[in-house]
Amino acid sequence: MNRATNRSLSPASSNMSIDQLLPALLECFGIILCGYIAGRTGVITSSQGKGLGNFVSKFALPALLFKNMVLLDFGNVIWSFLWSILIAKASVFFIVCILTLIVASPATRFSKAGIFSIFATQSNDFALGYPIVEALYRSSHPEYLQYIYLVAPVSLMLLNPLGFALCEIQKWKNQGSQQRSKLVVLGLVFLRVLRNPIVFMVLIGIGANFVLRQKIPPFMAEFVDGLSNSFGGAALFYLGLTMVGQLGLMTKTTVVTLILLTTAKLLLMPLICKDLVNLLDTTNTSASNHSSLSNYAFLYGVFPTAPSVGIYAVYYNAELGVVTSGLVVSTLLSAPIMYVSAWLLTIPTMDPQRLMMALQSVSFDVSIISLLLLVWTIAVMFLSKKYKRLPHMFAVNLFIAQLLTCVGMIVWNFVVSSNRFLAQVLAFTLLCSSLLSTYTWPGLIALSLVLLKRCQRPNSVVFVMAGWGVPTVATALLLIFGDRVPDTIDLSHFYSQSQMICSTVIIAVSALLAGGAFVCLSRESWTQKGGSAGSSARGLVIEVDCESHYLIEPAPEPGSKECLICDCSPAQPEPDVLTSAPVVTDHCDNRCESDQCLLVQVEELTEAEDRQVARHVLLSLLLTVSLIANLSSCLWLLLNQNPGRLYTELQFFCAVANFGQGLLSFALFGLDKHFIILPFKRRLSRLWSRRSDEQLHSDLPEEIRMTCTQFTKYHKDQCCRDIVRKRRCGRTTAVDCFLGCELVRWLQQVGLAQDPGEALLYGTRLQQGGVLQHIQQECAFQDSQLHYRFTA
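Residues numbered from 1 in each chain as written. Predicted model: local features only at pLDDT ≥ 70, side-chain atom pairs only at ≥ 80, totals over all residues. Heavy atoms only, no water.

### Topic: the overall build of the protein chain
Regarding its fold elements, the protein chain presents 32 helices and six strands. Excluding contacts between residues fewer than 6 apart, the proportion of contacts in the protein chain whose partners are at least 24 apart in sequence is 79%. Here the protein chain displays about 36800 Å² of accessible surface, and carbon together with sulfur accounts for 63% of that area. (Helix = DSSP H or I, 4+ residues; strand = E, 2+ residues; numbered from the N terminus. Contact = heavy atoms within 4.5 Å. Areas by Shrake-Rupley, 256 points an atom, 1.4 Å probe, with all protein chains shown as cover.)

### Observations regarding the nonpolar core
Within soluble globular proteins, side chains that are nonpolar tend to cluster in buried spots. Of all hydrophobic cores here, the largest spans 151 residues; its most connected members are F81, F126, Y147, F231, Y296 and F399. In terms of residues, this core owes the most to one element, helix 19 (residues 421–453), which gives 14 residues. Filtering out sequence-adjacent residues up to four positions away, F231 remains in contact with V56, A60, L61, L64, F126 and A127. Membership of the second largest hydrophobic core comes to 24 residues, among which are F711, I723, L743 and A753. (Core = buried A, V, L, I, M, F, W, Y, C linked by side-chain atoms within 4.5 Å. Buried < 20%, exposed > 50% of the residue type's maximum accessible area, 1.4 Å probe, protein only.)

### Focus: the packing of aromatic side chains
One pass over the structure, following the stated rule, counts 22 aromatic pairs. Taking 5.5 Å as the distance between ring centres and 80° as the angle between the ring planes, the aromatic pair formed by F93 and F94 counts as edge-to-face. Aromatic pair F394 and W441: ring centres 6.0 Å apart, planes at 25°, arrangement stacked. Remark: W441 occurs in helix 19 and F394 occurs in helix 18 (residues 392–415); sequence separation between them is 47 residues. Each member of the pair F394 and W441 is classed as buried. (Phe/Tyr/Trp six-rings, centres within 6.5 Å; stacked < 30°, edge-to-face > 60°.)

### A word on helix 19
A rise of 1.5 Å per residue sets the reference length of helix 19, with its 33 residues, at 48 Å; its end C-alpha atoms lie 48 Å apart and thus fit the reference within 8%. The largest bend along helix 19 measures about 30° and falls at T440, with the proline P442 one to four residues further on. The buried count for helix 19 comes to 25 of 33 residues, which makes it a mostly enclosed element. Once helix 19 ends, the next one or two residues include C455, with phi positive near 60°. (Expected span 1.5 Å × (residues − 1). Bend = angle between axes of the 7 residues up to and from the residue.)

### Some remarks on the pairing of strand 6 (residues 787–790)
Because side chains alternate across strand 6, one face comprises the buried residues H787 and R789, and the other comprises Y788 and F790, equally buried. By the bridge criterion, two bridges tie strand 4 (residues 734–739) to strand 6 in an arrangement that is antiparallel. Directly across from L739, in strand 6, lies its bridge partner H787. Taken together, the three bridges between strand 5 (residues 772–774) and strand 6 define a ladder with antiparallel strand orientation. Bridging from a neighbouring strand, L772 pairs with F790 of strand 6. (Pairing = 2+ DSSP bridges.)

### Things to note about the environment of P131
Relative to the helices and strands, P131 resides in helix 6 (residues 125–137). Put simply, P131 and E27 are 104 residues apart on the chain and 9.0 Å apart in space, counted from C-alpha to C-alpha.

### A look at the packing of helix 17 (residues 352–383) against helix 26 (residues 646–659)
Relative to each other, helix 17 and helix 26 sit at 20°, their axes nearing to 8 Å. Looking at the two axes, helix 17 sits roughly parallel to helix 26. The two elements helix 17 and helix 26 meet at a crossing, and its hand is right-handed. In contact with L355, M356, A358, L359, V362, S363, V366, S367 and S370 of helix 17, helix 26 contributes T648, Q651, F652, A655, V656 and F659. Across the contact of helix 17 with helix 26, the residue classes break down as ten nonpolar, five polar and no charged. (Axes fitted to C-alpha atoms, helices over the stretch in contact; angles between N-to-C directions. Parallel < 35°, antiparallel > 145°, perpendicular 65-115°, else oblique. Left-handed = near helix turned anticlockwise from the far one by under 90°. Nonpolar A, V, L, I, M, F, W, Y, C, P; charged D, E, K, R; others polar.)

Okay, here's the thing in structure tokens:
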């Protein structure tokens, strides 16, 4: 038996050094912040940053790996831990890979699968992980440091080549089957892996470990130490440089993918790592060693994604916006998760009663805030009459279930400590049935979106009966056949294991239903089958055009001041974006005020039929993530008699996710466009209009002025010829305008934008600079069927 399993630790030595964790986090993220500031202010340019990145990846890191491979004591390694981490990484890799291959379009299927799988499994072990592990375990478990040097290179040699192979296959398919054979593709992948300095130096270091007998010769020790010691600060500084401007690449289409990848990296990975260590680590005779090792596996799984994944995305030109934004998000989210996890693990004893009281207090406070927001959200849904349409009808049922859950928690907080049995049963009935209903509705809403996409109207009666009937029946069965645990205030354990099993079944079915629905939604564009609103609205213009084509008035002469947008007020001086001086143009500077404007009716009809699919998908997706957390909590408690301290962290997360759903519902549906946003924007516009046009344009940022100057001087004329059309806005008037989605496609076609996200940002800058405007001046630039026009 190896030395690590025989080591007996005193209680004091088995605790982690939490006092050193906060300084280590501040050191790491402080250096990252310095790099970000240097990149944002232009002190270090992007080309200079690439040079620093090449030094870190091709010199400093290989030297660090070589040094530690030579000094590594293989006899002091718990191999079950190593296998557990590798199996966990492989499991997450193949889960992400298979789901991406099922969901993604054939044009980019393999490259997305390769990049996303690498993103979910390659951790920032050396730059960010090693300082934190050293701060936590340097005094208690110094042997844990060497596992980083073992796990990271092996995963690079086993998993990353599979991802590279998928990316090469995509390149091979895009270039045509005659360009490269499959054998050549495999050879390229193998050579790419061998040429990687990290893999190359690990192999040399392992060989030198046995030849040099775990000792670096004196003549090269100083050289290796100099290079390896330069890695930490340089790598963190480079990570900060790579974060500059990455969040700006996020679009609506990348948010869903980013949420799923972040969930896989920061939630699924640590849970699988901990569970596999608990399952496979049978050599530890000490319970404290076994528990410490599984906790370390959980912390290791929380390490954020390595910045090198961004380099892979650039090399293969695959989902750069998702990967770069994900690097920033995963890095920022990992810090609080690691700190809270380590803080909980260092608490010597935890009083269960005090813990439950704290959990109860957090749930109560969150429920009050969520209750107020849900009242507002439900009122908005009823005032806007969206509750009569699908899928908003099902969303309203979800909001009501969330509202009743908050009410139930507030009532439960007052009756749980009393001796009134009937009051406790009634409060539990309300709380349990409504909470289980919030578990059920995300899957039903996702299923309704699939049916609506296929032009099949969901049976509202069946959906409502399933959304409320199944939780009610489950709660009734618990009350009749469940064994109540006496003297407990824990809601999740009020009826012992029977309640946990019931919750597990409902959560698992709803999560599977939602997951299957998301796969179906991603396989077919909504606009292909759900464009009835836009077609009917455009038919309105065509109908009027056919009836009154002879009423079209000729275009005004160049010197006239006639407004072409309905019958607005005469033209007014308009600031020129290039000179910032007021000039008189032929165009109307006011928004369309006419109630008879056909273009306005088109947009209103489209808005009336808008199902807000993206918002419902995002709502169901985020709630499904909370379902996964609740499912992990239930299984954790069912499979472990003593779940441990990390279970406490999961409990608090689930409490906030369950009783704080109102915050999410309010953010997505609580701010109705016509009732709240547009009136507010009108008032703000009146206040803003008091400022002079010269002052407005002098305050424009330089990048907006440059974008507007470039477009107006070199591209505007061609854009007008390509997408601007004279569309009827009244029975006797017409206007030169275009759709927002048309400009987005045009910007990508001419190379001014690489993807829809960049095109949307480009159009927004043009609107901010006064080059284009919405026909009513009430909407920001969007990739949609809204009408816009050039102002000069």
